[in-house]
Amino acid sequence: MKTRLLLLGAVALGAVALNASADAIRQTKGDFEDKFRQLDEVLPTANIYRNAAGEPGHQYWQQQVDYKIQARLDEDKRRLSAVQQIRYFNNSPDTLRYLWLQLEQNELKADSMSELSNAFAGIGRRGPATQAGDGETPAKLSLDELRRQQFLADNQMGFDIAEVKDAKGRKLKVTIVGTNMRVDLLEPLKSGQQLDFTLSYAFNLPEENAVSARGGYEHFPKDAREGGNDIFQLAQWFPRLHAYTDYEAWTNKEFLGRGEFTLEFGNYEVEIDVPADHIVAATGTLQNADAVLSSEQRKRLKQAETAKRPVFVVTEEEALENEKEGTNKRKVWKFKADKVRDFAWASSRKFMWDARGYAQGGDEMPLVMAMSFYPKEGGDLWKKYSTESVIHTMQVYSRFSFDYPYPVAQSVNGPVGGMEYPMITFNGPRTELQDDGTRTYSQAEKRYLIGVVIHEIGHIYFPMVVNSDERQWTWMDEGLNSFLDGVAGREWDPEIPWGVEPRDITDYMKSTNQVPVMTQSDSILQFGPNAYTKPAAALNILRETIMGRELFDFAFKEYARRWKYKRPTPADFFRTMEEASGVDLDWFWRGWFYSTDHVDISIDKIYKLRIDTEDPDIDFERRRLEEKNKPLSLTVERNRVEGIELWVDKNQDLDDFYDKNDRFTVTNKERNQYRKFLKDLEDWEREAFERAVKEDKNYYVMEFSNLGGLVMPIILQLDYTDGSSEMMRIPAEIWRRSPKAVKKLIVTDKDKELKQVTVDPRWETADVDVENNHYPRQIIPSRVEAYKAKKSDDLIRRDIMQDIKTKLKSDEEDKKDDN
């Protein structure tokens, strides 16, 4: 749309600004919503434990818990028994009269809160699927769900706690509340004191594939060994202290299966008693390699420290031979781990084991052993990519945080699809055995393995070292980690769809079935998009679009440095990112983390303006041309085609002054007014005016609507009639006083005439509707698929008269059809 631009004097402009300000003030009584309100209104007040800059305060504290555990795996009974000694350090300023421990295995008990509160076909359920019916369509119960129900009915699950005693052998009273256990102390534990106590326990291991737990066993009935073999992955396998924090005290929320864990750092000494032919991978460093590894295996492990590619400590041939027979003999593997918040391990006679040293340098841990443990089912997929993915992850993540701080980083294949623990991860992808005896894998399985290893090893940084509260704020570990695994993934192979681009979250962003990212873990509706993809995409937008890489990377690394081996909260992250970068991001945190608004910026109109010269001989002629360029009346055009003679042409003897002079005719009156206008201008006003007239630039007023509610920068691609293009980035602050609709004046040189404008042309901001991002509007390409309607499969439509003649196939015929 073209129109005119009238220049106002300084006084008039001031009046307009005053009126606009008054309108903005009055608007607060209407539907105005301040998208830029300071976040400190909702964040906890800074204090001596967590300061206003987002770093640990000068009196920051956290508890420490050390464990010594002797565990025994009964392979035949699939049962674990253990005795553990716990040393609890009360570093808080408080006096404690009881301790709370986590008993996650109790989540699988029939009377657990998790089981009893699990709704049929419920939203956000972890594990096998169920679907509700609608009256006409029957409800559905998956075979996976039936298997789960049957396993839990046939097996007694949960911890058996035998006794809890203090260091003097005195029995401590315990109270079990679902997945939590309170231990009442005989004497109050004052600030600065420590307490030693012991407990013994046992539990039956769940079959992971049956119950969808985070650990357990997987059975391989077709292995050569009579009765088959198992892979055991042990997690949440010992009673662990709940965290006691400055912001919540005891973090003793019930474990419902979805929300993960909140733990204290400590030192571990763990002895694991397993069948002698098992290979064990665990958190920490192996202390008795001489007793459990052969001299050849120790030699290979040493060679792996400087190898360019992984070296097999246990080869495929050795693993295949090992899984053929069992043994009655046993070995005890001893591990030690310092400054970790958890301990996990895996054990099986099926494992092959490869290793490669990663020389990262630095003073803390110059050499890290990257290792993978997997059965024959892992095949070439694991041989090629598991350990290499481990190393790639450390190379990328350390740039954004700190050097990997532990001596080992491990990837273990088993029934768990993807879980993380200090120094060890469980990852599920495998190869497929074909009829010719070879093992192959799909492109999806390859991408899955690389992606899950990067993600789970990345978790060793977040939250295993930067120790956020997973149960309370899932996004602080899953979202931050998904952002970084996206960075690492695209540095591996950008052709792989890593799922963390802004475009990957648009469907979820516009859905109605969602809650804010800040929602507590167990109440999240769509877990993956909410806790993983949305915060990852948000951080990607922060880095690439809003802050820029330099500011973002510095602030993010500062956050990781500040909170290494400590427990941050969202406020600490938000404050650090702002304080270290100097960028006010309160509007961003509010929109992306505290609301369910989405991004939908529409460009509605563009007006092209031209400055009036005030010279009537110029301006009137321009207006005459504008009038002539308007579309010809359809009636006038058809009259001409029909040859209708005009009255004025037939009666020219009646012509007068106005038949020869139109309304754009200039008189000396207008010329005199122009001369007076120039004379009345101040010198600086005349200089500015004459320069503007001379340059004769294009003035475009663009109108934008914020249809999604989430304020974001307006990114424009300006395409010109001469074939050139340029990008313009308008900060999100343009929405500060008018969050629903804004106008923007864009001035271009005379020879730079706009042809088209596109909002967010590279899909940087997660805009959910690209159709309204173009002006003029464009035809949006899509697809249509032809299909043949299927007949209903209702029972009444079967041709039973014909079907009754069908012969029942024998087992041999079934096998022939399968081949």
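Residues numbered from 1 in each chain as written. Predicted model: local features only at pLDDT ≥ 70, side-chain atom pairs only at ≥ 80, totals over all residues. Heavy atoms only, no water.

(A) Spotlight on the packing of aromatic side chains. Taken as a whole, this structure holds 51 aromatic pairs when the rule is applied. Look at Phe159 and Phe203: their rings are 5.2 Å apart centre to centre, the planes differ by 75 degrees, and that puts the pair in the edge-to-face class. A residue pair is termed long-range when its members are at least 10 positions apart, and Phe159 in the loop between helix H3 (143-154) and strand E7 (160-166) and Phe203 in strand E10 (residues 194-204) qualify at 44 residues. Looking at Phe159, the relative accessible area reads 6%, which means it is buried. By relative accessible area, Phe203 is classed as buried at 1%. (Phe/Tyr/Trp six-rings, centres within 6.5 Å; stacked < 30°, edge-to-face > 60°. Helix = DSSP H or I, 4+ residues; strand = E, 2+ residues; numbered from the N terminus. Buried < 20%, exposed > 50% of the residue type's maximum accessible area, 1.4 Å probe, protein only.)

(B) Highlighting the sheet that holds strand E13 (residues 240-241). Strand order in the open sheet formed by four strands is E8-E9-E4-E13, with antiparallel pairing between adjacent strands. Strands with a single pairing partner mark the edges of an open sheet, and in this sheet they are strand E8 (174-177) and E13. Pairing between strand E4 (residues 96-102) and E13: two bridges, direction antiparallel. Across the sheet, Gln102 pairs through a bridge with Arg240, a residue of E13. (Pairing = 2+ DSSP bridges.)

(C) Structural detail: the pattern of salt bridges. All told, the structure shown has 70 salt bridges when counted by the stated rule. Measuring nitrogen to oxygen at the nearest pair gives 3.4 Å for the salt bridge that ties Asp40 to Arg575. Separated by 535 residues along the polypeptide, Asp40 in the loop between helix H1 (10-27) and strand E2 (64-74) and Arg575 in helix H14 (residues 570-581) bring together distant segments of the chain. Arg663 is the partner of Glu627 in a salt bridge, and the nearest nitrogen-oxygen pair spans 3.3 Å. A residue pair is termed long-range when its members are at least 10 positions apart, and Glu627 in helix H16 (residues 616-628) and Arg663 in the loop between helix H19 (657-660) and helix H20 (668-680) qualify at 36 residues. For Arg663, a relative accessible area of 62% gives the class exposed. Each of Glu55, Glu558, Arg561, Arg562 and Glu579 takes part in salt bridges that share partners, so that together they form one network. (Salt bridge = Lys/Arg side-chain N within 4 Å of Asp/Glu carboxyl O.)

(D) Here's a closer look at the sheet that holds strand E12 (residues 229-234). Strand order in the open sheet formed by four strands is E11-E12-E21-E17, and the pairing between neighbours is antiparallel. Only two strands of the sheet have a single partner each, and these edge strands are strand E11 (216-220) and strand E17 (279-282). Within the sheet, the average angular offset between the axes of one strand and its neighbour, ignoring direction, is 10 degrees. As judged from the four bridges shared by E17 and strand E21 (residues 345-348), these two strands associate in the antiparallel manner. (Axes fitted to C-alpha atoms, helices over the stretch in contact; angles between N-to-C directions.)

(E) Geometry of a negative patch on the surface. On the surface, a cluster of negative charge is made up of Asp811, Glu812, Glu813 and Asp814. Note that Glu813 resides in helix H23 (residues 811-818). (Patch = residues over 30% accessible without salt bridge, like charges linked within 9 Å, V, L, I, M, F, W, Y side chains within 5 Å. Areas by Shrake-Rupley, 256 points an atom, 1.4 Å probe, with all protein chains shown as cover. Lys, Arg positive; Asp, Glu negative; His and termini not counted. Charge placed at Lys NZ, Arg CZ, Asp CG, Glu CD.)

(F) Highlighting the nonpolar core. Among the nonpolar cores identified, the biggest contains 188 residues, and Trp237, Trp345, Phe573, Phe588, Trp592 and Met702 are the most heavily contacted of them. Ranked by the residues each element gives to this core, the list is headed by helix H8 (residues 379-400), at nine residues. The contacts of Met702, once residues within four sequence positions are left out, are Ile603, Lys605, Ile606, Leu716, Leu718, Val742, Lys743, Lys744, Ile746, Leu754 and Val757. Within the second largest apolar cluster, six residues are counted, among which are Leu609, Ile611, Ala692 and Tyr699. (Core = buried A, V, L, I, M, F, W, Y, C linked by side-chain atoms within 4.5 Å. Contact = heavy atoms within 4.5 Å.)

(G) How the structure looks around the environment of Leu146. Relative to the elements of secondary structure, Leu146 occurs in helix H3. A relative accessible area of 29% places Leu146 in the partly exposed class. Spatially, the C-alpha atom of Leu146 lies 9.1 Å from that of Ala210, the residues being 64 residues apart in sequence.

(H) Structural context of the side chain of Gln105. Locating Gln105 in the fold gives a position in the loop between E4 and helix H2 (113-116). We classify Gln105 as buried; its relative accessible area is 8%. For Gln105, the side chain forms a polar contact with the main-chain oxygen of Gln236, separated by 3.1 Å. Ignoring anything within four residues of it in the chain, the contact list for Gln105 reads Gly158, Phe159, Phe203, Pro206, Ala235, Gln236 and Trp237. (Polar contact = N/O pair within 3.5 Å; in protein donor to acceptor, adjacent residues only side chain to side chain.)

(I) How the structure looks around the pairing of E12. The element E12 is extensively covered by neighbouring structure, given that six of its six residues are classed as buried. Residues Asn229, Ile231 and Gln233 of E12 are buried on one face, and the alternating residues Asp230, Phe232 and Leu234, pointing to the opposite face, are buried as well. The pairing of E11 with E12 spans five bridges and is classified as antiparallel. Considered in E12, the bridge of Tyr217 is made with Phe232. Two strands pair when backbone bridges link them, and E12 and E21 are joined in this way by three bridges, in the antiparallel orientation. Residue Leu234 lies in a different strand from E21, and its bridge partner there is Trp345.

(J) Just H3, in detail. Taking 1.5 Å as the rise per residue, H3 with twelve residues should run 16 Å; its terminal C-alpha atoms sit 16 Å apart, in good agreement. When we look at burial in H3, the residues that qualify are Glu145, Arg148, Phe151 and Leu152. Down the axis of H3, the smallest arc covering the buried residues is 125 degrees, so these residues share one side. Among the exposed residues of H3, those oriented more than 90 degrees off its buried face are Leu143, Ala153 and Asp154. (Expected span 1.5 Å × (residues − 1). Arc of directions from axis to C-beta.)

(K) Structural view of unusual backbone geometry. Following Phe462, the chain continues into Pro463 via a peptide bond in cis, with omega recorded as 15 degrees. Residue position: Pro463 is located in the loop between helix H9 (443-458) and helix H10 (475-492). Each neighbour pair has its own omega, and for Tyr775 with Pro776 the value is 0 degrees, a cis peptide bond. Mapped onto the elements, Pro776 comes out in the loop between strand E35 (774-775) and helix H22 (800-803). Not every positive phi belongs to a glycine, and Gln236 is a case in point at roughly 50 degrees. Counting through the fold element by element, Gln236 comes out in the loop between E12 and E13.

Structural measurements only, silent on function.
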